[in-house]
Amino acid sequence: MSAAPDAAGRLIQRGDAAETARRIRMESILSGLQAVDADALDPLRRTTINSLVFTLDSALAPGRVVDYGAVLSEYGVWYLPYLINHNSGPLIAIPSLLEAQHTINSAADADAYVNRLQAIAPTLDGALEKMRADVAAGVMPPDFIIDKTIAVIDAFTGSAPEDNVLYESFRAKLERATIGKSDRWLTPARTAVADQVFPAYRRIGDYLREIRPGAVHDAGVWRLPEGDALYRAMILQMTDTTLTPQEIHQIGLDEVARIGAEMDAILKKEGYTEGGVGARMIALGEEARFRYPNTAEGKAKILADIAVQLEAVNAVAPQWFGTLPRYDVEVRAVPAFSEATASGGYYDAPALDGSRPGIYWINLYDTAVWPTYTVPTLTYHEAFPGHHFQGAIALAQDTPLVSKMLYSNASGEGWGLYAEKLAAEMGLYANDPYGDLGRLGDEMHRAVRLVVDTGMHAMKWSREDAIQYMTENEGNDPGEVKSEIDRYVVWPGQALGYKIGMLKIQELRRDAEAELGDRFDIKAFHDAILAVSSTALPVMDESMWAWIAAEKAGAP
């Protein structure tokens, strides 16, 4: 099915009626998929159908429990209990879409951009309408999330219209496109930003200030209507499992203990013996030799170091992968308007036609959160051999477009975390104990997430409880810790997928090695897992066992 002719000039509607219609439509799509006789299809199509059914069915689980929130975010079929927040949703997604993904190569592209600018106010007004309905139903973000969201709005609307990212990035794109006199588009663009976009953002800010006195400080969704059932549905959506919050909490505690012991051994070997692991990591991160200056030059040095890291991965990747991405990847700093509240790093997939590369975003708001030994692991997670390998190879496969767009959080983020560990196997931390310590620190981070996410949303931990536990066990920068915890507050369950998915991939690799013995080929294994690395974990499990059986049957 081709996109509507004017799709490039539109935005998703966010009103209450639009949300209801979207849920009904998604249930209808699921019913159609479930009616397909998967057993009559070839293996590739059967895997595709099974994955679509499982992923969409689990993604709809939260919306079957509650009427509030949104079942679709900028990350696809991804439920948000608070459509308006500091970290995601239309306030953040729309500027990011226009700045990073709306390409300008023709007059039609420029016309579409202006149309989208003019569609922002109705979309945000719809989101505000939805938020009002949710608040009336007893669903209000915690006070600290409201404060952060107001700060995002104030920062976004605090500059002159011509200095705003929506206008400035458009102006730069028009200059590069050389498609004619830019005033034809810049004049209505500035008018839209000044007279429509800014007022729409401010209307939301005014409403948040209005409801702020009635907000509570409790962090978890347990306090929301049907909150416990909602969180269990979020666990299903985000981990592809029916594990209970208590089971996940215990897995986290066990992993924190294991990883902490490995970090302790390295720290002692390097002469750091006093205090807990978290305290020693804090001290390590404060050493001048590991710090980038929080200046333009320091930020440029981080980007330059990442380029070197990507070259190092490229040099050894053919020894570990039979299939390599055919799409490019580009490293960018998170836009200034959202960097104060955005996560540390993330990835956007390339355009299917190759017109836009994959984008590895790193947040350079404060370089204190990036000691030199932590940056490589982010690179390996977001770009090579992590999400870019995964996303670019998936896009190149001969599968329906919808299967490339639906994404399992557990298998996708599980691969990213597996890629971090794989980087150590690939020799990328050879003779670099601090780099390996940074890798273990990031794995510790994902284990801690199992504890604090379930702690807040199921066990009634406070935000401060979660901050303290993360700080004691990781030793991260205090600003980064707060940003991470607040992310989990608005994305319940999402942070669980990394470690749960990694553990499943590691289990499948151990199974393949045991079954195939000397015939095990790591390149073939990685090619096979990447072919299904965006599918739901149960489908991945079934597909990989089929691959193991085929490898055994085909062996001489």
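That block above? That's the structure.
Here is what the cut-offs are and how they apply
Residues numbered from 1 in each chain as written. Predicted model: local features only at pLDDT ≥ 70, side-chain atom pairs only at ≥ 80, totals over all residues. Heavy atoms only, no water. Helix = DSSP H or I, 4+ residues; strand = E, 2+ residues; numbered from the N terminus. Buried < 20%, exposed > 50% of the residue type's maximum accessible area, 1.4 Å probe, protein only. Contact = heavy atoms within 4.5 Å. Polar contact = N/O pair within 3.5 Å; in protein donor to acceptor, adjacent residues only side chain to side chain. Expected span 1.5 Å × (residues − 1). Pairing = 2+ DSSP bridges. Axes fitted to C-alpha atoms, helices over the stretch in contact; angles between N-to-C directions.

Turning our eyes to something else, we now look at unusual backbone geometry. The omega torsion of the bond from F384 to P385 falls at -5°, within 30 degrees of zero and hence cis. At E226, a residue that is not glycine, the phi angle is positive and equals roughly 55°. One can find E226 in the loop between helix 8 (183-211) and helix 9 (227-239). Using a relative accessible area of 54% as the deciding quantity, one classes E226 as exposed. One non-glycine residue, K460, lies in positive phi territory at about 65°.

Counting through the fold element by element, D453 comes out in helix 17 (residues 433-458). Taking the C-alpha atoms as reference points, D453 and G479, 26 residues apart in sequence, are found 18 Å from one another. Each residue touching D453, except ones within four places of it in the same chain, is listed here: Y231, Y488, W491, P492, G493, A495 and L496. Side chain to side chain, D453 and Y231 meet in a polar contact 2.5 Å long.

Let's shift gears to helix 7 (residues 165-177). With 13 residues, helix 7 should cover 18 Å at 1.5 Å per step; its first-to-last C-alpha distance of 18 Å lies within 8% of that length. Of the residues that open helix 7, the one with a side-chain oxygen 2.8 Å from the backbone nitrogen of L166 is N164. Just beyond helix 7, the residue with positive phi is T178, at close to 45°.

Strands sit in the order 1-3-2 across an open sheet of 3 strands; the sheet is mixed. In this open sheet, the two strands that pair with only one neighbour each are strand 1 (329-333) and strand 2 (345-348). Ignoring strand direction, the axes of neighbouring strands in this sheet form an average angle of 20°. Taken together, the 4 bridges between strand 2 and strand 3 (residues 358-362) define a ladder with antiparallel strand orientation. Opposite Y347, over in strand 3, you have Y360 as the bridge partner. The strands touched by helix 13 (residues 375-382) within the sheet are strand 2 and strand 3, with strand 3 carrying the most contacts at an inclination of about 150°.

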